[in-house]
Amino acid sequence: MKDYIEERVLCIADYIIENSTTVRDAAKKFRISKSTVHKDITERLEQINPGLAQQVRVVLDVNKSERHIRGGLATREKYLHVERKQDIIV
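Residues numbered from 1 in each chain as written. Predicted model: local features only at pLDDT ≥ 70, side-chain atom pairs only at ≥ 80, totals over all residues. Heavy atoms only, no water.

Quick look at the overall build of the chain
Here is the rule: Only runs of H or I of at least four residues qualify as helices and only runs of E of at least two qualify as strands under DSSP, and these elements are numbered from the N terminus. Between buried and exposed lies partly exposed: a residue is buried under 20% and exposed over 50% of the maximum accessible area for its type, with that area taken using a 1.4 Å probe on protein chains only. The criterion used for residue contact is that any of the two residues' heavy atoms lie within 4.5 Å. Computed with a 1.4 Å probe, the accessible areas rest on the Shrake-Rupley method; for each residue, only the protein chains presented here act as cover.
Secondary structure summary: the chain contains four helices and zero strands in total. Going residue by residue from the N terminus, the α and β elements of the chain occur as α-α-α-α. When each of the 90 residues of the chain is scored for burial, the buried share is 23%. In the chain, of all internal contacts separated by at least 6 residues, the share reaching a separation of at least 24 is 58%. Just so you have it, the chain exposes about 6700 Å², and 51% of that area is on carbon and sulfur atoms.

In structure tokens:
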């Protein structure tokens, strides 16, 4: 594995652990695709540092268990915003 990839993987792992962030947020922060972040975290990190991979896995599992809640909140916010626009138009 090339050095720059290894460095990126470790930086992403540290970022996810420190901020308890999602794969999507990490992808935005590092300006790479979600697929790349996911591959870095699930496959490459396991080869580089298995202990760190376990810590990241804990954060990702929590995010996965909460994703339906975040999705519901996003939908609610979307429709609240639409209702406010309609009130202004009327």
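A short note on the packing of helix H1 (residues 3-19) against helix H3 (residues 34-48)
Worth spelling out the cut-off: Note on geometry: axes are lines fitted to C-alpha atoms, helical ones only across the stretch in contact, with angles between N-to-C directions running from 0 to 180 degrees. Oblique is the label for every angle not falling under 35 degrees (roughly parallel), over 145 degrees (roughly antiparallel), or within 65 to 115 degrees (roughly perpendicular). Residues are grouped as follows: Ala, Val, Leu, Ile, Met, Phe, Trp, Tyr, Cys and Pro are nonpolar; Asp, Glu, Lys and Arg are charged; every other residue, Gly included, is polar.
It is at 9 Å that the axes of H1 and H3 come closest, and there the two elements cross at 105°. On the basis of the axis angle, H1 is roughly perpendicular to H3. Within the contact between the two elements, H1 uses Ile-5, Glu-6, Arg-8, Val-9, Leu-10, Ile-12, Ala-13 and Ile-16 and H3 uses Thr-36, Val-37, Asp-40, Ile-41, Arg-44, Leu-45 and Ile-48. Tallied by class, the residues present in the contact of H1 with H3 amount to 10 nonpolar, one polar and four charged.

So, the packing of helix H2 (residues 23-30) against H3
Direction vectors running N to C along H2 and H3 enclose 110°, while the axes themselves pass 8 Å from each other. It follows that H2 is roughly perpendicular to H3 by the angle criterion. Along its contact with H2, which presents Val-23, Arg-24, Ala-26 and Ala-27, the element H3 presents Lys-34, Val-37 and His-38. Broken down by class, the residue content of the contact of H2 with H3 amounts to four nonpolar, one polar and two charged.

So, the layout of surface pockets
The following threshold applies: Of the two site types, the cavity is a set of points on a 1 Å grid over the protein atoms alone where a 1.4 Å probe fits but cannot get out, and the pocket is an open set with protein on both sides within 12 Å along at least five of seven lines, each lined by residues with an atom within 4 Å of a point. Grid points are joined across faces, edges and corners, and a volume is the space filled by probe spheres set on the points.
Estimates place the volume of the largest pocket at around 300 Å³. Of all elements in the fold, only H2, H3 and helix H4 (50-89) reach the threshold of two or more residues within the lining of the largest pocket. Broken down by element, the residue count for the lining of the largest pocket peaks at seven residues, all from H4. Of the residues in the lining of the largest pocket, the class split is two nonpolar, three polar and seven charged.

Describing the pattern of salt bridges
Note the cut-off: Salt-bridge detection follows one rule: a side-chain nitrogen of Lys or Arg within 4 Å of a carboxyl oxygen of Asp or Glu.
Enumeration according to the criterion identifies four salt bridges in this entry. Among the ionic pairs, Asp-40 bridges to Arg-8, the shortest N-O distance being 2.8 Å. On the criterion of sequence distance, the pair formed by Asp-40 in helix H3 and Arg-8 in helix H1 is long-range, its members being 32 residues apart. In this structure, Lys-39 engages Glu-43 in a salt bridge whose closest nitrogen and oxygen atoms are separated by 3.2 Å. With a gap of four residues between them, Lys-39 and Glu-43 both fall in helix H3, about one helical turn apart. Among the charged side chains, a salt-bridge network with shared partners connects Arg-8, Asp-40 and Arg-44.

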